[in-house]
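Read off the chains here:
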Amino acid sequence: MALNTEEREQFLAEPHIAALAVDSGAEDRAPLAVPIWYQYAPGGDIWIMTGADSRKDKLITAAGRFSLLVERVTPTVRYVSVEGPVTERISATRDQLVELASRYLPADKVDGYVTMATGDHGEQVVIRMRPQRWVSSDLGGF
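This one's a predicted model, so the numbers in the text were calculated from it and none came from an experiment. (Residues numbered from 1 in each chain as written. Predicted model: local features only at pLDDT ≥ 70, side-chain atom pairs only at ≥ 80, totals over all residues. Heavy atoms only, no water.)

## Some points on a nonpolar patch on the surface
Then comes step 1: A grouping of Val 73, Val 77 and Leu 139 is seen on the molecular surface, where their side chains present a nonpolar patch of about 250 Å² in accessible area.
Then comes step 2: Along the chain, Leu 139 falls in the segment after strand S8 (133-138).
Then comes step 3: Owing to a relative accessible area of 40%, Leu 139 belongs among the partly exposed residues under this scheme. (Patch = residues over 30% accessible without salt bridge, like charges linked within 9 Å, V, L, I, M, F, W, Y side chains within 5 Å. Areas by Shrake-Rupley, 256 points an atom, 1.4 Å probe, with all protein chains shown as cover. Salt bridge = Lys/Arg side-chain N within 4 Å of Asp/Glu carboxyl O. Helix = DSSP H or I, 4+ residues; strand = E, 2+ residues; numbered from the N terminus. Buried < 20%, exposed > 50% of the residue type's maximum accessible area, 1.4 Å probe, protein only.)

Next up, the structure:
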């Protein structure tokens, strides 16, 4: 059964690991599909963080849009897939890195992760996407 707008937005707002998909730009390659952390609040844009000039960054910039798929298997099989255009690409801030890490990591691990990421990941960018097309389902009724 498809989720209504409130249900799908609330589910997307939960801290799931997403599968990001973007056109690879090559006829002989499938779309790039990789796991990624993301941030979302109902009614707003989705944002991700990735390395500046990384393959993801270059492909998203070239395509101008990407998709995210989030899912769970318990207590019911539920998923939300969302696709839309890029609305902004900006240099990432330390505060955004802390916000994203805090969404996924225990509080006592955030500072260590931020220190490591700041030193090891190089320049990061935030890419915002406006949800345009949604596909969702909850198979809990079966």
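## Examining the pairing of strand S4 (residues 46-51)
Then comes step 1: Taken across its six residues, S4 has six buried, putting it largely inside the fold.
Then comes step 2: Two strands pair when backbone bridges link them, and strand S3 (residues 38-39) and S4 are joined in this way by two bridges, in the antiparallel orientation. Residue Tyr 38 lies in a different strand from S4, and its bridge partner there is Ile 48.
Then comes step 3: What sits between S3 and S4 in their antiparallel hairpin is a turn of six residues, with Gly 43 showing a positive phi close to 85°.
Then comes step 4: Here six bridges tie S4 to strand S7 (residues 124-129), and the two strands are oriented antiparallel to one another. The partner of Ile 46 across the bridge, within S7, is Met 129. (Pairing = 2+ DSSP bridges.)

## Description of the packing of aromatic side chains
Within a pair of aromatic rings, the relevant descriptors are the distance that separates the centres and the angle that separates the planes.
Then comes step 1: Inspection of the entire model under this criterion finds three aromatic pairs.
Then comes step 2: With a centroid separation of 4.9 Å and 10° between ring planes, the pair formed by Trp 37 and Tyr 104 is classed as stacked. Residue Trp 37 is located in the loop between strand S2 (32-36) and S3, and its partner Tyr 104 is located in helix H3 (residues 94-104); the two are separated by 67 residues in the primary sequence.
Then comes step 3: Note on Tyr 104: relative accessible area 17%, which makes it buried.
Then comes step 4: Using a relative accessible area of 21% as the deciding quantity, one classes Trp 37 as partly exposed.
Then comes step 5: One aromatic cluster is present, built from ring pairs that chain together Trp 37, Tyr 104 and Tyr 113.
Then comes step 6: Of note, Arg 103 hangs over the ring of Tyr 38, and the distance from its end group to the ring centre comes to 4.7 Å. (Phe/Tyr/Trp six-rings, centres within 6.5 Å; stacked < 30°, edge-to-face > 60°. Lys NZ or Arg CZ within 6 Å of the ring centre and 35° of its normal.)

## Digging into H3
Then comes step 1: The complete set of buried residues in H3 reads Gln 96, Leu 97, Leu 100, Ala 101, Arg 103 and Tyr 104. What you see down the axis of H3 is that its buried residues fit within an arc of 155°, all on one side.
Then comes step 2: Where H3 is buried, its residues meet helix H1 (5-13), S3, S4, strand S6 (78-91), helix H4 (107-120) and S7. (Arc of directions from axis to C-beta. Contact = heavy atoms within 4.5 Å.)

## Examining the side chain of Ser 137
Then comes step 1: Topologically, Ser 137 is positioned in strand S8.
Then comes step 2: Dropping the residues within four chain positions of it, Ser 137 is found in contact with Met 1, Ala 2, Leu 3, Val 77, Arg 78 and Tyr 79.

## A look at H1
Then comes step 1: For H1, the complete set of buried residues consists of Arg 8, Glu 9, Phe 11, Leu 12 and Ala 13.
Then comes step 2: Looking at the buried side of H1, the elements it contacts are S3, S4, strand S5 (65-72), S6, H3 and S8.

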